[in-house]
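Here are the chains, one letter per residue:
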Amino acid sequence: MANRVVAKILIVLLLGATLVAHPSTPLRTAPGQVEGQGGVQPTNSLPNPYRTVENYFKMPDGRTWGSTSAVEIDKDGRSIWVGERCGANTCAGSNLPSILKFDASGKLVRSFGGGMLIFPHGIFVDRDGNIWVTDGQDNAPRAPGTVASTLAGPPPGATKGNQVFKFSPEGKLLMTLGTPGGAAAPGFFYQPNDILVAPNGSIFVSEGHGGANSRILKFSKDGKLIKTWGTKGSGDGQLDGPHALAMDSQGRLFVGDRSNNRIVIFDQEGRQLAVWPQFSRPSGVYIDKRDVIYVADSESESVSRNHDGWKRGIRVGSARDGSVTAFIPDPVDKTTGTSAAEGVAADADGNIYGAEVGPKALKKYVRAPGAAAARTLPRTPDGKPDLQGIWQVRSRAAYDLEDHPARYGMPAGRSVVEGDVIPYQPWAAAKKRENFERRTTADPLAQCYLPGVPRIMYMEYPFQIFQTRDHVAIAFEWQQVFRMIYTNGSRPALPLPFWMGDSRGRWEGDTLTVDVTNHNDHTWFDMAGNFHSDALHVVERYVMVDADTIRYEADIDDPKVFTRPWKISMPLQRQKDVTRVLEYQCRAEMEEANGDFKPDSRTWYQKGSSSAVPAVAQQVRATAPAVASVALRRMPDGKPDLSGLFQADAGGANWGFEPHNEPFTPGGRGVLVDPPSGGLPYQPWAKEEKVNRNLPERGYDDPTAHCFAGGVPRSLYVPSPFHIVQTPAYVLILLERMSWRIVPLDGRPHLPDTMRLWQGDSLGHWEGDTLVIQTTNLNGKTWLNEVGDVVSHAETVVERFTPASADTIQYEATVNDPIVFTRPWTIAMPLKRQEGELLEVACLEDNQDLQHLKDVRDGSRK
Amino acid sequence: MTGRVWLATILYCAMASHAAAHHSFSAEFDINKPVTLTGTVTMVRWSNPHGWIYIDVKDANGKVVNWAFETAAANQLYRRGWRPEDIPTGTVVTIDGWLARNGSPMANTDKLVLPDGRKLLGPAANAGPPTP
């Protein structure tokens, strides 16, 4: 026997050598996959982000755990099914029930199958929740020393075993495949290892545990044999102990070809698609709904000595691209027997279950703080994962959540939907098809409307996350949209729909879970027209996988549109080379491109006009009031805490800085403090321009009438509130008119002069208790107010925020613009803390005024 | 204070002192062309940047014209406690306002009187900080 084994190893090695010598061998056909098993380095040095939970599953009193290789997750995604060998490594002679169901807490809730099976080996739960089990041995009497590998069928006298059973979830026997006691080919089975039922009902069984047979059998859903493939061997199309079966979301059949130290991937007709050696020697293979693959190696360097250098344990990776990302090593170092898990499964939360034959145990593995990856996560002072930074999705989900080929303007991409199909109701499927046909005009984003949640999260634009104890705020490049996620335990304040919904988050361990409600029925999920109603409820989960990766998941429920809830997931990646989220003012760019918003060469920045911009140094009035005696809110670092909802007591600044009292506009007390008299110090041309802009036919030209961003300082004194989010490194101003200002406090330089922005490039620093913000790189497209006060691209601004009390900030802005003014000037007003929360001004949703203003303009030209 | 008086106070505050303007009102409406109309509410748009109340008005010849009256932004109305059910369709209202410059049947709302006497007051442009 020993010689035979050596000969077999030699054959394997020779074949391996042949493969290395001929990398174009048809054995490996899928592109991008690992070449040549002989050339693969052992995948032992991977992080183990899991913590092992032993003795989680409780046997009833008087019963102890026997060997088990059969473990599977219930249809509910949480309960665990096990085939257990009656306290020993066989159920021969025992009447104990061998098929056990545990709930998610580890409590035994159902058991059946007593006296029916000899050697429960493989287990599967089909989509209807039925339990399928293989019985891998028989009850034939065997003389000591009988060598199973010489046999291609059961020895004489077998009356039981070598069959496959289908049970209802309650344990009622529904179907039996195979002959009691077994049969040799062309009959079946002899040593059936594993069972799998495809979504279409086709049944696959892998056979041959060391006997002379090794093959896959395919049956129709009613149990009729359709075909078989595979003979014993290590060549192309051969198998040696096909110990485990799994299927990915594409319907590819993964066979754990154990004694060949490889996974072989077939289509459902038995055509070989790929060979993967990188998951080591597969005793167990499991693929979850997200195509995460889990592979258990219980034999390398122990039972098997033809795979030295590879460690036993559970490897985790991607069934899509074959990457191996994590490894749970066998705690036992040296042994000659089977050790660690032979069977493996993972529940809907990603917990792994390993069924062990040698150690006679079922172990649970959980991702947890304290595990390797969790230890390396950046964390906030209160211990939460620190999600702050600039991120962008790595996915083509923005084009179509489902698998999609390329179309014009729509690159191809793989599905981010669990199970790959969005479960529309019939009417909604028709509506989606109609949306798709009309997508270039019907997509709400074609009009630059707000994208909604979750769509904004996977658009291919960067965004920056800011995190405090009470809020997670996200500022997006696209249209300067933002999200305010309240993590302060509050609930939605108003029962109203919003384009971006209402977001309330909570930390569950290291996971940020966000309930997004109050959706309108206008937004889409993607460019392909996938849609929802106002009954949409989204539950997002932000799971920091490592310092530079967040797994973003969203459960999507909308009973008006879908037949059941569904789920998407995709990675967000830290954009390490991006230091600044820029602006994509979609609507402004659209109107500039189509001529509705026309350039003004006197004020707009044009490349090359940079020489007109002076150095930033300004004559800032030294007016910082003494505040030391006032009780202020303060941050842990002692800086004033400016955070919260504020609105300017603006003195009518949006209708002029000098005192005014005209019909239709609120009276103004005047906010200009320097120069103290004489009004704004205009250059002559600009004074004339201001008067012209105040004519009715110029009302159309005010950018805010188009819903564009207000610029600096106007955004703060338009009659809308804003929320200040303050961290040690940033001040973020979220403007209710759906725009933002990100103000870094880290002393970085300004953007190069050629970069021009509606809200400019703002940098902040503290001078005592005063926050000073210096803004440059403005684009000169904004007006200072509705009466047409002028600024150009030469504008620079120094703003001073000085807390005057717990609820009041004294605000000053000094504007310098030598193209428009003869000297710098300064306005001042208090900012007052407000009750309540930001609402959402989706200004484009019903901006009828713009057309009316256009009518007036066009009428004046007749 | 009765509920009705309380609500009237809310409505007054909403319209008189806390509308959000995002464009020049004198460019869109004509202060020299006041108008008073009575009609039946056909639709109220609780939208941004302004809300709109639509009423059917019968002229001297019996012809019905649907007029649009601009109000403050929906957000500002909501903040002051307004809800869509306060002005259901079918309500007969009288509105004072100023005509649009573009000549369409449209005006800016100065004062709206509901059948029970509650009033919305103030042009949509009359914005300012929230009253205490």
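Draft legend 1. Just the overall build of chain B, in detail. Broken down by element type, chain B carries three helices and six strands. Secondary structure elements in chain B, listed N-terminal to C-terminal, are α-α-β-β-β-α-β-β-β. Counting only residues that meet the buried cut, chain B has 55% of its 132 residues in that class. Taking contacts inside chain B between residues at least 6 apart in sequence as the whole, the part at least 24 apart equals 63%. With an accessible surface of roughly 5,400 Å², chain B has 56% of that area assigned to carbon and sulfur atoms.

Draft legend 2. Expanded view of the overall build of chain A. Of regular secondary structure, chain A possesses eight helices and 45 strands. Here chain A holds 862 residues, and the buried ones make up 59% of them. For chain A, the proportion of contacts with a sequence separation of at least 24, taken over those separated by at least 6, is 57%.

Draft legend 3. Representation of the packing of aromatic side chains. Residue and element names in this part refer to chain A. Evaluation of the coordinates by the stated rule reveals 37 aromatic pairs over all chains. The interplanar angle of 15° and the centroid separation of 5.7 Å between the aromatic rings of Y424 and F531 together place this pair among those described as stacked. Of this pair, Y424 sits in the loop between β27 (389–393) and α3 (426–437) while F531 sits in the loop between β32 (511–517) and β33 (537–546), and the two are 107 residues apart along the sequence. Three or more aromatic residues link up through ring pairs in this structure, and these residues are Y424, W427, F525, F531, F562 and W566. It is R85 that lies over the ring of F119; its NZ or CZ is 3.7 Å from the centre. Above the plane of the ring of Y700 lies R857, whose end atom (NZ or CZ) is 4.5 Å from the centre.

Draft legend 4. Representation of the pairing of strand β34 (residues 549–557) of chain A. All names here are of chain A. Inspection of the sheet shows β33 paired to β34 by nine bridges, in the antiparallel sense. Bridge assignment links M544 to a residue of β34, and that residue is I550. Between β33 and the antiparallel strand that follows it, β34, lie two residues. Two strands pair when backbone bridges link them, and β34 and strand β35 (residues 566–574) are joined in this way by eight bridges, in the antiparallel orientation. Each residue of the ladder has a partner; that of D555, found in β35, is K567.

Draft legend 5. Main features of the nonpolar core. Residue and element names in this part refer to chain A. Of all hydrophobic cores here, the largest spans 73 residues; its most connected members are L401, I456, Y542, W566, I568, L732 and L734. No other element matches the five residues that strand β29 (residues 471–476) contributes to this core. Not counting the four nearest positions on each side in its chain, Y542 is found in contact with L387, M457, I474, R483, I485, D510, T511, L512, V514, I550, R551 and Y552. Residues L642, V797, F801 and M829 belong to the second largest nonpolar core, which totals 40 residues.

Draft legend 6. Highlighting the state of the cysteines. Residues and elements named next belong to chain A. Enumeration over the complete set of coordinates arrives at three disulfides over all chains. Here C448 is linked by a disulfide to C586, with a sulfur-sulfur distance of 2.0 Å. Handedness here is read from the sign of the S-S torsion; for C448 and C586, about -65°, the answer is left-handed. On the criterion of sequence distance, the pair formed by C448 in the loop between α4 (439–442) and β28 (463–467) and C586 in helix α5 (residues 586–594) is long-range, its members being 138 residues apart. Two residues, C707 and C843, share a disulfide whose sulfurs are 2.1 Å apart. Taking the torsion about the S-S bond as the criterion, the C707 to C843 disulfide, at about -65°, is left-handed. In this pair, C707 is assigned in the loop between α6 (684–693) and α7 (714–717) and C843 in the loop between β45 (825–833) and α8 (848–860), connecting sequence segments 136 residues apart.

Draft legend 7. Broad picture of the interface of chain A and chain B. Counting from both sides, the interface comprises 37 residues of chain A and, opposite them, 39 residues of chain B. For the pair chain A and chain B, the two sides together bury roughly 3,100 Å², of which 57% comes from carbon and sulfur. Counting across the chain A and chain B interface gives two salt bridges. Across the contact surface, chain A and chain B share eleven residue pairs in polar contact (both at pLDDT 80 or more).

Draft legend 8. Focus on unusual backbone geometry. All names here are of chain A. Here A185 and P186 are connected by a cis peptide whose omega angle stands at 5°. Mapped onto the elements, P186 comes out in the loop between β9 (173–177) and β10 (192–197). Phi angles above zero are rare outside glycine, and S280 is one such case at about 70°. Looking at where S280 falls in the secondary structure, it is placed in the loop between β19 (272–276) and β20 (284–287). Take S280: its relative accessible area is 0%, and that puts it in the buried class. Backbone geometry places K360, a non-glycine residue, at a positive phi of 55°. Inspection of the secondary structure assignment puts K360 in the loop between β25 (352–356) and β26 (361–367). According to the relative accessible area criterion, K360 is partly exposed, its value standing at 32%.

Draft legend 9. Representation of the sheet that holds strand β24 (residues 341–346) of chain A. Residue and element names in this part refer to chain A. In spatial order, the strands read β1-β26-β25-β24; together these four strands make up an open sheet with antiparallel pairing. Two strands bound the open sheet, and with one partner strand each, they are β1 (50–53) and β24. The average angle at which neighbouring strand axes cross in this sheet is 25°, direction not considered. Relative to β25, β24 is paired through five bridges, and the arrangement is antiparallel. Each bridged residue has a counterpart across the sheet, and for A345 the counterpart in β25 is Y353.

Draft legend 10. Quick look at the pairing of strand β11 (residues 203–207) of chain A. All names here are of chain A. Extensive coverage of β11 is indicated by the burial of five of its five residues. Burial along β11 is two-sided: the face carrying I203, V205 and E207 and the face carrying F204 and S206 are both buried. Adjacent in sequence and paired antiparallel, β10 and β11 are bridged by five residues, among which G201 carries a positive phi angle near 100°. Two strands pair when backbone bridges link them, and β11 and strand β12 (residues 215–219) are joined in this way by five bridges, in the antiparallel orientation. Along β12, the bridge assignment pairs F204 with K218.

Draft legend 11. Molecular detail of the side chain of R741(A). Residue and element names in this part refer to chain A. Within the fold, R741 resides in strand β40 (residues 739–744). Assessed through its relative accessible area of 2%, R741 is described here as buried. Of note is the side chain of R741, whose polar atom sits 3.3 Å from the side chain of T775. Separated by 2.5 Å, the side chains of R741 and E799 make a polar contact. When residues no more than four places from it in sequence are discounted, the contact partners of R741 are V712, L716, V731, L732, I733, L735, Q759, S762, I773, T775 and E799.

Draft legend 12. Highlighting the environment of G651(A). For G651(A), the position within the fold is in the loop between β36 (644–648) and β37 (672–674). The contact partners of G651(A), leaving out residues within four places of it in the chain, are H660(A), G668(A), R669(A), G670(A) and V671(A).

Draft legend 13. Spotlight on the side chain of T109(B). Residue and element names in this part refer to chain B. Structurally, T109 can be placed in strand β5 (residues 106–113). For T109, a relative accessible area of 0% puts it in the buried group. A distance of 2.7 Å separates a polar atom in the side chain of T109 from the backbone oxygen of E70.

Draft legend 14. Region of interest: the sheet that holds β32(A). All names here are of chain A. In space, the nine strands of this closed barrel follow the order β27-β28-β29-β30-β31-β32-β33-β34-β35, with mixed pairing throughout. Pairwise comparison of adjacent strand axes, ignoring direction, gives a mean angle of 30° for this sheet. Alignment of β27 against β28, held across three bridges, turns out to be antiparallel. Opposite I390, over in β28, you have Q464 as the bridge partner.

Draft legend 15. Local environment of the pattern of salt bridges. Residues and elements named next belong to chain A. Overall, the coordinates contain 61 salt bridges over all chains when judged by the stated rule. Between R506 and D515 there is a salt bridge, with the nearest N and O atoms lying 3.1 Å from each other. Classification of R506 as partly exposed rests on a relative accessible area of 36%. Linking D701 and R698 is a salt bridge whose minimum nitrogen-to-oxygen distance equals 2.5 Å. According to the relative accessible area criterion, R698 is partly exposed, its value standing at 21%. Look at the salt bridges and you will find they share partners, linking D288, R290, E418, R541, R551, E553, D555 and K567 into a network.

Draft legend 16. The arrangement of the confidence of the model for chain A in detail. Of the residues in chain A, 91% reach a pLDDT of 70 or more, and the chain-wide mean stands at 90. In the predicted structure, residues 1–38 of chain A sits below a pLDDT of 50 and forms 39 contacts with residues beyond four places in sequence or in another chain.

Reading the values: rules and limits
- Residues numbered from 1 in each chain as written.
- Chains lettered and ligands numbered in written order.
- Predicted model: local features only at pLDDT ≥ 70, side-chain atom pairs only at ≥ 80, totals over all residues.
- Heavy atoms only, no water.
- Helix = DSSP H or I, 4+ residues; strand = E, 2+ residues; numbered from the N terminus.
- Buried < 20%, exposed > 50% of the residue type's maximum accessible area, 1.4 Å probe, protein only.
- Contact = heavy atoms within 4.5 Å.
- Areas by Shrake-Rupley, 256 points an atom, 1.4 Å probe, with all protein chains shown as cover.
- Phe/Tyr/Trp six-rings, centres within 6.5 Å; stacked < 30°, edge-to-face > 60°.
- Lys NZ or Arg CZ within 6 Å of the ring centre and 35° of its normal.
- Pairing = 2+ DSSP bridges.
- Core = buried A, V, L, I, M, F, W, Y, C linked by side-chain atoms within 4.5 Å.
- Disulfide = S-S within 2.5 Å.
- Buried area = accessible area lost by both parts, 1.4 Å probe.
- Salt bridge = Lys/Arg side-chain N within 4 Å of Asp/Glu carboxyl O.
- Polar contact = N/O pair within 3.5 Å; in protein donor to acceptor, adjacent residues only side chain to side chain.
- Axes fitted to C-alpha atoms, helices over the stretch in contact; angles between N-to-C directions.
- pLDDT = per-residue confidence, 0-100.

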